[in-house]
Amino acid sequence: MRASHASVSIDRYTAAAARSTIPARPLMIHYDLHAHSTFSDGLLTPSALVERAAARGVDVLALTDHDETEGIKDAGDAARAAGITLVPGAELSVSWESHTVHVLGLMVDAANTVFSAGLASIRSGRDSRAVKMGESLARAGIPGAYEGARRFVTSDRLISRSHFARFLVEAGHARETRDVFKRYLTQGKPGYVAHAWASLPDAVAWIHAAGGLAVIAHPGRYRVTATGMRRLLSEFRDAGGDGIEVHSSSHTAAQFTEYATYARAFGLLGSIGSDYHGPGESYVDLGGLPPLPAGVDPVWTRW
Ligand code: AMP
Ligand code: MN
Ligand code: MN
Ligand code: MN
C-alpha cells in the first residue's frame, strides 16, 4: 500500500473499486456525473439515489455532495447491488473574484487526507454563515430561520442555502424553492451572507491529491461576461483544472453548444451532470441529459 493511501480502510469505496465496475461497452454507457444526497442538500439517501439512477437507465453515476464524501460508501454498496458504477466525487465550493464557483472532483479517493482536510476546511465556515443568514432574515422580518433551516438538515456536518429555501417555502414566503432564490438568499437580497470558500488553485490541488479530475460545474450559472468566463477558464486551466460541465440541467440547449465550444477552445474535457437534488426540486431527472456532442473529449476517457 502506498503511503498516501495509508488511511484507506477496506470498507471505503475507492476510485480503484469504481474503475473495476465500468462496463466494457463504451459507446452505450449512460453517464450522469453530478448528483446530491442527504449528506448535503439532496432529498434522497445515497442508496435511494443510486436505485433511482439505475431504474432510469444510468450506468455510471457520480455522487457529488457539496464539500462532503460521507455518502460514498452507502452509494457504492447500493451501486454494487444494482449493477451500476458509482463514481466517488464531491462538489467543492470555491470563491473566485467576487463569485462563488463550484468545482467537481470526480473519481477521487475520498480517504485521501489532503482532500478530506480541504473539504473539512470548506465545511467549517458553513454553520457560522448560517447563523448570520438567520440574523439577516430576522432583520427582514423573518424570525427563526436558522432554527427552521436546521429542521431540514439531513447531515449534522452540512447546512446550506437549500435548507433555508425549504424552510422559507414551508413558512409561506415563496411557493417553491426556485422562487426563494429570486427573492432571498442571493447577492443583494435578504438572507445573503458573503462567504470566503476555498481558492480555485487549492480546490484543484486537493482534488488532484486524491487522484481525481477537477471539473467546473454548471459554468452557465455564473454571472460573468464572456471576458470573465475566459479569465475563469484560463485560471482554472493554469491551476491544472481538467474539464467543464458542458451538459448541465442549469444550461439551455444553446449553452450546451456554447460550453462545448469553450471546452474545445480551452483544451478542457467535457462532462454531463443533472445536478439532481430530488423529486419535486429538479427539472431534469437522473440520466435526463443528452450525450456529449462530437468533438468534445469526455472526462471519463481519463479515468
Ligand atoms: P450553498 O452552497 O449553501 O451556498 O447552497 C447552494 C445550493 O443552493 C446549490 O447547490 C443549489 O442546490 C441551491 N441553489 C442555489 N441557487 C439556486 C436557485 N436559483 N434555484 C434553486 N436552487 C438553488
Ligand atoms: Mn445543492
Ligand atoms: Mn453547484
Ligand atoms: Mn450540485
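Basis of the calculations
Residues numbered from 1 in each chain as written. Chains lettered and ligands numbered in written order. Predicted model: local features only at pLDDT ≥ 70, side-chain atom pairs only at ≥ 80, totals over all residues. Heavy atoms only, no water. pLDDT = per-residue confidence, 0-100. Helix = DSSP H or I, 4+ residues; strand = E, 2+ residues; numbered from the N terminus. Contact = heavy atoms within 4.5 Å. 1 Å grid on protein atoms, 1.4 Å probe; cavity = no way out; pocket = protein on both sides within 12 Å on 5 of 7 lines; lining within 4 Å. Points joined across faces, edges and corners; volume = space filled by probe spheres on them. Nonpolar A, V, L, I, M, F, W, Y, C, P; charged D, E, K, R; others polar. Near = heavy atom within 4 Å. Polar contact = N/O pair within 3.5 Å; in protein donor to acceptor, adjacent residues only side chain to side chain. Sits in = over half its atoms within 2 Å of the grid points.

Let's shift gears to the confidence of the model for the protein. A low pLDDT score tells you not to read the predicted coordinates there in detail. In this model, the protein carries an average pLDDT of 95, and 96% of its residues clear a pLDDT of 70 or more. By mean pLDDT, the top-scoring element of the protein is strand β5 (residues 213-216) (99), and the lowest-scoring one is helix α8 (residues 177-183) (92). Across residues 1-9, confidence stays below pLDDT 50; counting only partners more than four residues off in sequence or on other chains, it has eight contacts.

A few words on the layout of surface pockets. The volume enclosed by the largest pocket comes to roughly 1700 Å³. Lining the largest pocket we find 43 residues, and of these R161, F181, T186, H218 and R221 sit closest to its centre. Secondary-structure elements contributing two or more residues to the lining of the largest pocket are β3 (85-96), β4 (99-106), α5 (126-139), α7 (161-170) and α8. For the lining of the largest pocket, the per-class residue count stands at nine nonpolar, 20 polar and 14 charged.

With that settled, the discussion passes to the side chain of T64. By secondary structure assignment, the location of T64 is in the loop between β2 (60-63) and α3 (72-82). Beyond its immediate sequence surroundings of up to four residues, T64 is in contact with L33, H34, A35, H36, G89, A90, E91, L104 and L106.

With that out of the way, let us pick up the site of ligand 1. Around ligand 1, a shell composed of D41, H66, R126, R129, S160, R161, S162, F181, R221 and H277 is seen. Taking R126, its side chain carries an N or O atom lying 2.9 Å from an oxygen atom of ligand 1. The separation between an oxygen atom of ligand 1 and a polar side-chain atom of R129 is 2.7 Å. Judged by the fraction of its atoms near the pocket grid, ligand 1 is located in the largest pocket. For the shell around ligand 1, the secondary-structure elements that each account for two or more residues are α5 and α7.

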